[in-house]
Amino acid sequence: MTRVAAIDCGTNSIRLLVAETDPETGHLSDLTRQMRIVRLGQGVDKTGLLDPAAIERTLEATREYREMIGRLGAERIRFVATSASRDAANRDVFVDGVRQILGIEPEVIPGSEEASLSFTGACRSVPTEAARPMLVVDIGGGSSELVLGDASVMQSISINMGSVRVTEKFLAHCDPAAGIDAAAREAACAWIDAQLDEAEAAVDLRAVGTLVGVAGTVTTVTAQALGLEMYQPERIDGAALSAEEHQAAIDFMVDQPIAVKAALGFMPTGREDVIAAGALIWERIIRRVAARIGEDGRELGKIVTSEHDILDGIAMSLL
């Protein structure tokens with residue numbers, strides 16, 4: 001057995017998985033999963049730069065993770081940075097800081113590799129009997145990945161469309177005590193739909209057998225749909241819910257004041273102000289997939305939520 005450490009540094013959060021792995025079977029046994037919301041990508045869409053305070057927040061979390069990795073005795077480490085780091089002109093400042101802390105070379109990976117790693121990780125949660133091919137959707141803070149595949153990736157695209165980016169573009173002016181107003185919701189949805197128009201040139205949504213959602217937006221929406229009082233990954237992982245159940249939870253995240261969402265037992269601190277935007281992205285994807293499947297006379301079945309995602313893919317790449 002080999003112990004590995006995977007770090008996924010996105011636009012909104014930085015996450016750690018330390019797992020014991022069996023190289024022969026590829027099986028992962030989690031030793032710890034951690035998440036810190038650091039908002040590394042704050043303002044990147046507007047300025048093209050990582051904010052110094054955001055860099056320091058993220059490096060402080062990296063130092064904390066270094067201590068955990070040392071205590072658990074991980075033999076191999078991989079640090080992957082995604083959307084915010086790809087977009088920032090001063091990313092070398094951040095990369096240098098990570099290198100000094102961990103003693104390894106952090107990787108700023110392209111969207112295509114991010115999509116592939118997300119697909120590999122998500123497959124751990126999907127029942128073998130689920131209709132194929134699967135469309136794995138990973139909604140991040142700065143980008144979203146749509147990956148169509150069966151045993152391996154068939155088609156994929158990474159779109160510069162995430163919860164932080166959409167919030168900063170369309171929702172930041174909304175009254176936090178009143179939810180998202182109709183005009184802002186309409187403008188955001190129109191922009192999201194335009195991004196999905198382009199995505200369809202790369203990914204055939206008519207072919208989808210099962211829709212699978214991963215990462216924080218979808219798991220948080222699923223927790224609301226399940227009526228959870230606290231975050232329970234064992235109930236969220238593999239949950240199969242209808243489009244209508246997801247829509248009710250999405251509407252809640254869009255319509256409720258930020259304070260109400262912050263008080264939810266399953267809402268991580270730092271996600272409450274961007275979950276509305278993430279939920280709208282998820283809504284538009286669900287509706288688009290259902291419409292395309294409907295054109296072929298099929299209905300969208302239960303939507304599967306996976307707690308396994310790019311973190312698991314990174315860990316498995318270390319085998």
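Our subject in this report is the structure included herewith. Note that the coordinates shown come from a computational prediction; the quantities given were computed from them, not determined experimentally. (Residues numbered from 1 in each chain as written. Predicted model: local features only at pLDDT ≥ 70, side-chain atom pairs only at ≥ 80, totals over all residues. Heavy atoms only, no water.)

### A short note on the environment of V212
- Inspection of the secondary structure puts V212 in strand 9 (residues 210–214).
- With a relative accessible area of 0%, V212 lands in the buried category.
- A C-alpha to C-alpha distance of 7.9 Å links V212 and V126, two positions 86 residues apart in sequence. (Helix = DSSP H or I, 4+ residues; strand = E, 2+ residues; numbered from the N terminus. Buried < 20%, exposed > 50% of the residue type's maximum accessible area, 1.4 Å probe, protein only.)

### A short note on the sheet that holds strand 1 (residues 2–9)
- Within the open sheet, the 5 strands sit side by side as 3-2-1-4-5. Their pairing is mixed. The strands lining the two open edges of the sheet, one partner per strand, are strand 3 (28–37) and strand 5 (107–108).
- Of the pairings in the sheet, the one linking strand 4 (residues 76–81) to strand 5 comprises 2 bridges and is parallel in character. The residue of strand 5 that forms the bridge with V80 is E107.
- Strands in contact with helix 13 (residues 310–317) are strand 1, strand 2 (13–21), strand 3 and strand 4; relative to strand 1, the strand with the most contacts, it is inclined by about 140°. (Pairing = 2+ DSSP bridges. Contact = heavy atoms within 4.5 Å. Axes fitted to C-alpha atoms, helices over the stretch in contact; angles between N-to-C directions.)

### Considering the layout of surface pockets
- When its volume is computed, the largest pocket comes out at roughly 640 Å³.
- Around the largest pocket sit 34 residues that line it, and S13, R15, M35, G216 and R271 are the ones nearest its centre.
- Contributing elements (two or more residues each) for the lining of the largest pocket: strand 2, strand 3, strand 6 (134–139), helix 8 (215–225) and helix 13.
- If one sorts the elements of the lining of the largest pocket by residue count, helix 8 sits on top with 4 residues.
- Per-class residue counts for the lining of the largest pocket are 11 nonpolar, 15 polar and 8 charged.
- Considered as a void within the structure, the second largest pocket measures approximately 220 Å³ in volume.
- Considering the residues around the second largest pocket, the lining is formed by 20 residues, among which T167, L171, A172, I258 and D273 are closest to the centre.
- When residues of the lining of the second largest pocket are assigned to their parent elements, the largest contribution, 4 residues, is made by helix 6 (residues 163–171). (1 Å grid on protein atoms, 1.4 Å probe; cavity = no way out; pocket = protein on both sides within 12 Å on 5 of 7 lines; lining within 4 Å. Points joined across faces, edges and corners; volume = space filled by probe spheres on them. Nonpolar A, V, L, I, M, F, W, Y, C, P; charged D, E, K, R; others polar.)

### Structural notes on the pairing of strand 2
- Within strand 2, 8 of the 9 residues are buried, which leaves it mostly tucked inside the rest of the structure.
- Two strands pair when backbone bridges link them, and strand 2 and strand 3 are joined in this way by 9 bridges, in the antiparallel orientation. The partner of L16 across the bridge, within strand 3, is Q34.

### Some points on helix 10 (residues 243–255)
- With 13 residues, helix 10 extends 18 Å between its outermost C-alpha atoms, agreeing within 8% with the 18 Å of an ideal straight helix rising 1.5 Å per residue.
- Every buried residue of helix 10 is listed here: H246, Q247, A249, I250, M253 and V254. Around the axis of helix 10, the buried residues are gathered within 170° of arc, so they sit on the same side. Set apart from the buried face of helix 10 by more than 90 degrees, the exposed residues are E244 and A248.
- Buried residues belonging to helix 10 abut helix 7 (182–199), helix 8, strand 10 (240–241), helix 11 (258–262), helix 12 (275–295) and strand 11 (303–306). (Expected span 1.5 Å × (residues − 1). Arc of directions from axis to C-beta.)

### Some details on the pairing of strand 9
- With 5 of 5 residues buried, strand 9 lies mostly within the body of the structure.
- Across the two faces of strand 9 the burial is the same, with T210, V212 and V214 and L211 and G213 all buried.
- Examined bridge by bridge, strand 6 and strand 9 share 5 bridges and lie parallel to one another. Note on strand 9: the bridge partner recorded for V136 is V212.
- Of the strand pairs in this sheet, strand 9 and strand 11 are connected by 3 bridges, and their pairing is parallel. Across the sheet, the residue bridging to V212 is V304, located in strand 11.

### Let's talk about the side chain of T21
- With respect to the helices and strands, the residue T21 is situated in strand 2.
- Residues contacting T21, with those up to four places away along its chain left out, are M1, T2, V4, H27, L28 and L319.

### Looking at empty space enclosed by the protein
- Following the criterion strictly, the structure yields 2 cavities of 30 Å³ or more and no others.
- Along the walls of the largest cavity sit T11, G41, V44, D45, S83, A84, D87, G141, G142, V164, R165 and E168, which together make up its complete lining.
- Taken together, the elements giving at least two residues each to the lining of the largest cavity come down to helix 1 (44–47), helix 3 (83–87) and helix 6.
- Among the residues making up the lining of the largest cavity, the classes are represented as 3 nonpolar, 5 polar and 4 charged.
- Approximately 30 Å³ is the volume attributed to the second largest cavity.
- Considering the residues around the second largest cavity, the lining is formed by L146, L196, A199, E200, V203, L205, I285 and R288.
- Those elements that provide at least two residues to the lining of the second largest cavity are helix 7 and helix 12.

### Looking at the pattern of salt bridges
- In total, this model carries 30 salt bridges according to the counting rule given.
- Between R185 and D255 there is a salt bridge; the shortest N-O distance is 3.9 Å. Pair noted here: R185 is in helix 7 and D255 is in helix 10, with a separation of 70 residues, a long-range link. (Salt bridge = Lys/Arg side-chain N within 4 Å of Asp/Glu carboxyl O.)

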